[in-house]
Amino acid sequence: MQFSPIRTAIIAFVALMGVLFAVPSFLPQTVRDAWPSFLPKQTVVLGLDLQGGSHLLLQVDEKGIVSERLQTLRRDVRNTLANENGIGNLITTDEATRTLTIELTDPTQRDAAKAAIEKLQNTVSNSLIAVGGAQELAFGDTTDGKLTVTLTPEGVNERQSALVAQSIEVIRKRVDELGTTEPQIQRQGTNRVLVQVPGFGDSQRLKDIISKTARLTFHMVYPGMTAAQAEAQGLPAGTMILPSQDGGSELLYEDVALGGESLVDAQPSFDQQRSIPVVSFRFDTRGAITFGQITSANVGKRFAIVLDDTVITAPVIQQAITGGTGQISGNFTTASANDLAVLLRAGALPASLDVVEERTVDASLGADSIQHGLTAGIVAATLVVAFMVAAYGLFGVFANISLILNIVLIFGALSMLGATLTLPGIAGIVLTIGMAVDANVLIYERMREEQNAGKSPLQAINAGFQRAWGTIIDSHLTQLIAATVLYFLGSGPVQGFAVTLALGILTSLFTSYTVTLYFVGWWFRATRPKTLKIQHFRFIPDGTKIPFMKISRYVIAFSIVASVLSIGSAYFKGFNLGIDFVGGTAIVIQHDGGPADVGNVRELLDGLNLGEVQVQGFGTPEDVLVRVQAQEGGQDADQAAVAKVREALATENYTIRSTEAVSGTVSSELAWKGTIAVIISLLAILIYIWFRFEWQFALAAVTTTSHDIIMTIGLYSITGLEFNLTSIAAVLTLVGLSLNETVVVSDRVRENLRKHRKMPLPELIDLSINQTIVRTSLTSFTVFLALIPLVVFGGEVIRSFTIAMTFGVFVGMYSSIIVNGPILINFGLKAKAEEDAKTKMVDGAAV
């Protein structure tokens, strides 16, 4: 109660810094520009779901890397043996085993050939993560005397990792050429690259710019034979057949006469003579000399310009070109010529990248999401603030001041850390509003109990804060464990939810305890009241003696039946899985001329041959959600399906507001990660509670929480709510909320075990539950007040998440009050008198 000047200064400093970091996020750009330079200017970064933009998750094509490396290695082996006294050979490639098999025409030259090709060994390393690298090749023999060269798994992994690092730099150059602001480009795992470009709504163009390899090479055309003749008669040595842009094919020499790495500039231009868009390019000095030598030596021959293994053009060399410049002509539009120039200037990707996840959000949908989030937040804050004043009067005002500061500190921390705020993140803040007052309710109820036990106001205040502190720490840390696991195993918007939830938990520890204690102490020193009038309103009266343990067998039976029904429904009926877990494409469309006709949309899409297509309303009467199954052919086929949907609906005044495409690979990974996240959370919480309490409390807490998870999963199955990645977030948050209630009851049981050593355990558990039931009902109600606005105003995107959370609040309260106690008894928890008697018997036997 005696606050030193240092503690007061710390509170003032933290509050001031929170305000200074939070304010810029709510100021217009013109005001921020005039903001003094010595003050923070960082703002909260809005996620793509709030400001619109494109999200791509790209994966390096490992099969392509292996195929290209084997092709290069085959050429190197052939050239090496040819230079080694002309050793004749026949080389076959097996991409499945990543092996070249070399059959020599003269077996007596085997040792010389083996020594020659072993010189091709090299070490591959990615300097970003490894030093020294790995041997790329393994050499061997077959039983029939052939030589083998195999790519090692370590070498392939190192090369793949190095190519990802190089790809990130190329992608960054390409995105920068588009003139976008604040793109996020980062490595994800060992073979993926995450690209997020806010405000860029043309996902198809972004995908074309980013994922196209843009590997430009120049090859001489093989003379005297067409590609068709080569296919019929057999390929001449050192040649290959590539498709051409006009639909035909060309027979080219494999050797690259000149590579695109020698380019220093590429610009879109216009060929005045033919009146077509072209791309003009310029070589560096070395490339210009090589280009001049090639064209001088091959006048009258055809010279092919190849882009990503497709012949763009193959003109006849009319004369030597010594200026180091040239043109690429093809079926270009002005836009495609500009994009190709961008690609060539940025350089080629070192490997092919496949789009495994794609999300695009229109700016208008982002604005709607912000409006939904703000409305839900304002309504939730108003309800919680009003309830706290109604329930606790002046003490409720102190809690509300702490709550407002808590919200300010969350936004300040988001700004300072440069964290991204998503729509689920806003839901996390709104949820924190309900959870933040939990500690205040716990403190106030403890103060009221201590005063009723005969302590003076000062003693009651001190005891209330001191004895509630341990319980507050336990309940907050269990929630923090769930948020941490969710952050590391979640992705995208779900990580945004985890960040705001974790920040809210940490800031509420400071505000609900330290700040509230400061105001309560200041008020007490100023007024010196004779009694504390703490609570004005309650759901349950004091002194209840509800015999929970007497009805426990019926409650346990009901819970077992409900759990079996939930598991049975999940097994036999299954879930309405979102595309996060099954793959496919989700498209949100909006009708521009009033309410949408779902039946009409379904009729328009039935004839597109897209497989299973689901059409349903989505929030407002104008919005419709279209879900299309994953198409055979991968992301290109999925994008073609989106284009078909767009064309079919354009005639009926429908516009696409967002698209979300997830490949089967990513969806299976997300499902596995979600399962692992729940298991890790339960194990971590089991260990923590075991450490803080006793093993019976830990096992009971995990059993109770598992019961709540099963019931919530049953809700998803029985009602058909969409089960997606945010559902995992809901389940993990419920883990924290359920344990929050369970820990409070368990803490009171542990305290009463010391205080009432001879009381029978069922009576002691009844006493503990009745002592904490007021607090449990009040905190559950405050969380409910925060969640209801999310259900009503939060928007369709997080609807299933918020409904499950609201359901979980009541299930958690039910299990912590009624289910936890009988489980403690069944796990062998003993009263202190029984333990003491057992100890004496053991000591007596030892004597």
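Below you will find a few notes about this structure. (Residues numbered from 1 in each chain as written. Predicted model: local features only at pLDDT ≥ 70, side-chain atom pairs only at ≥ 80, totals over all residues. Heavy atoms only, no water.)

Notes on the overall build of the protein
- Broken down by element type, the protein carries 25 helices and 27 strands.
- Per-residue burial over the protein gives 52% buried out of 847 residues.
- Long-range pairs, those at least 24 residues apart, make up 74% of the contacts in the protein between residues at least 6 apart in sequence.
- When the accessible surface of the protein is summed, it comes to about 37,400 Å², and 58% of that surface belongs to carbon and sulfur atoms.
- Charge-centre separation for the protein: the mean point of 62 positive side chains lies 12 Å from the mean point of 75 negative side chains. (Helix = DSSP H or I, 4+ residues; strand = E, 2+ residues; numbered from the N terminus. Buried < 20%, exposed > 50% of the residue type's maximum accessible area, 1.4 Å probe, protein only. Contact = heavy atoms within 4.5 Å. Areas by Shrake-Rupley, 256 points an atom, 1.4 Å probe, with all protein chains shown as cover. Lys, Arg positive; Asp, Glu negative; His and termini not counted. Charge placed at Lys NZ, Arg CZ, Asp CG, Glu CD.)

Considerations on helix 22 (residues 725-755)
- For helix 22, with 31 residues, the first-to-last C-alpha span of 46 Å sits near the 45 Å given by 1.5 Å per residue.
- Most of helix 22 is tucked away, with 29 of its 31 residues classed as buried. (Expected span 1.5 Å × (residues − 1).)

With respect to empty space enclosed by the protein
- Within the structure shown, the criterion is met by seven cavities of 30 Å³ or more.
- Roughly 130 Å³ of internal volume is contained in the largest cavity.
- The wall of the largest cavity is formed by 14 residues, among which Leu-442, Arg-446, Val-744, Arg-748 and Thr-772 lie closest to the centre.
- Of the residues in the lining of the largest cavity, the class split is three nonpolar, three polar and eight charged.
- The computed volume of the second largest cavity comes to approximately 100 Å³.
- In this structure, the second largest cavity is lined by 13 residues; those nearest its centre are Leu-737, Glu-741, Ser-780, Val-783 and Val-809.
- Going through the elements one at a time, helix 13 (423-452), helix 22, helix 23 (761-793) and helix 24 (799-826) are the ones with two or more residues in the lining of the second largest cavity.
- Residues of the lining of the second largest cavity, tallied by class, amount to five nonpolar, six polar and two charged. (1 Å grid on protein atoms, 1.4 Å probe; cavity = no way out; pocket = protein on both sides within 12 Å on 5 of 7 lines; lining within 4 Å. Points joined across faces, edges and corners; volume = space filled by probe spheres on them. Nonpolar A, V, L, I, M, F, W, Y, C, P; charged D, E, K, R; others polar.)

A word on the sheet that holds strand 23 (residues 584-591)
- Strand order in the open sheet made by the eight strands is 9-10-2-20-26-23-25-24, with antiparallel pairing throughout. Of all the strands in the sheet, the pair left with one neighbour each is strand 9 (184-188) and strand 24 (613-618). The average undirected angle you get between the axes of adjacent strands in this sheet is 20 degrees.
- In this sheet, strand 26 (residues 654-662) lies alongside strand 20 (residues 353-361) in antiparallel orientation, the contact comprising five bridges. Within strand 26, the position partnered with Arg-359 by the bridge is Glu-660.
- Here helix 7 (residues 203-211) sits on the sheet and contacts strand 2 (53-60), strand 10 (192-198) and strand 20; the angle it forms with strand 2, its principal contact strand, is near 30 degrees. (Pairing = 2+ DSSP bridges. Axes fitted to C-alpha atoms, helices over the stretch in contact; angles between N-to-C directions.)

Here we look at the nonpolar core
- Within the largest apolar cluster, 125 residues are counted, with the highest numbers of intra-cluster contacts made by Tyr-392, Phe-395, Leu-414, Tyr-444, Met-447 and Ile-689.
- It is helix 13 that contributes the most residues to this core, 16 residues altogether.
- Apart from residues no more than four positions distant in its own chain, Met-447 is found in contact with Phe-395, Ala-460, Ile-461, Gly-464, Phe-465, Leu-532 and Ile-534.
- Ranked by size, the runner-up nonpolar core spans 25 residues in total, among them Leu-163, Val-164, Leu-206 and Leu-349. (Core = buried A, V, L, I, M, F, W, Y, C linked by side-chain atoms within 4.5 Å.)

Regarding the environment of Ser-706
- With respect to the secondary-structure elements, Ser-706 resides in helix 21 (residues 695-719).
- On the basis of relative accessible area, Ser-706 is assigned to the partly exposed category, the value being 23%.

Side note on the sheet that holds strand 7 (residues 137-141)
- Read across the sheet, four strands follow the order 3-4-8-7 without closing on themselves; strand pairing throughout is antiparallel. Looking at which strands have only one partner, the edges of the open sheet turn out to be strand 3 (89-94) and strand 7. For this sheet, the mean angle separating the axes of adjacent strands, direction not counted, is 20 degrees.
- Strand direction decides the pairing type here: strand 3 and strand 4 (residues 99-104), joined by six bridges, are antiparallel. Its bridge partner lying in strand 4, Asn-89 is registered against Leu-104.
- Where helix 5 (residues 110-118) meets the sheet, it contacts strand 4, strand 7 and strand 8 (147-151), and its direction lies at approximately 15 degrees from that of strand 8.

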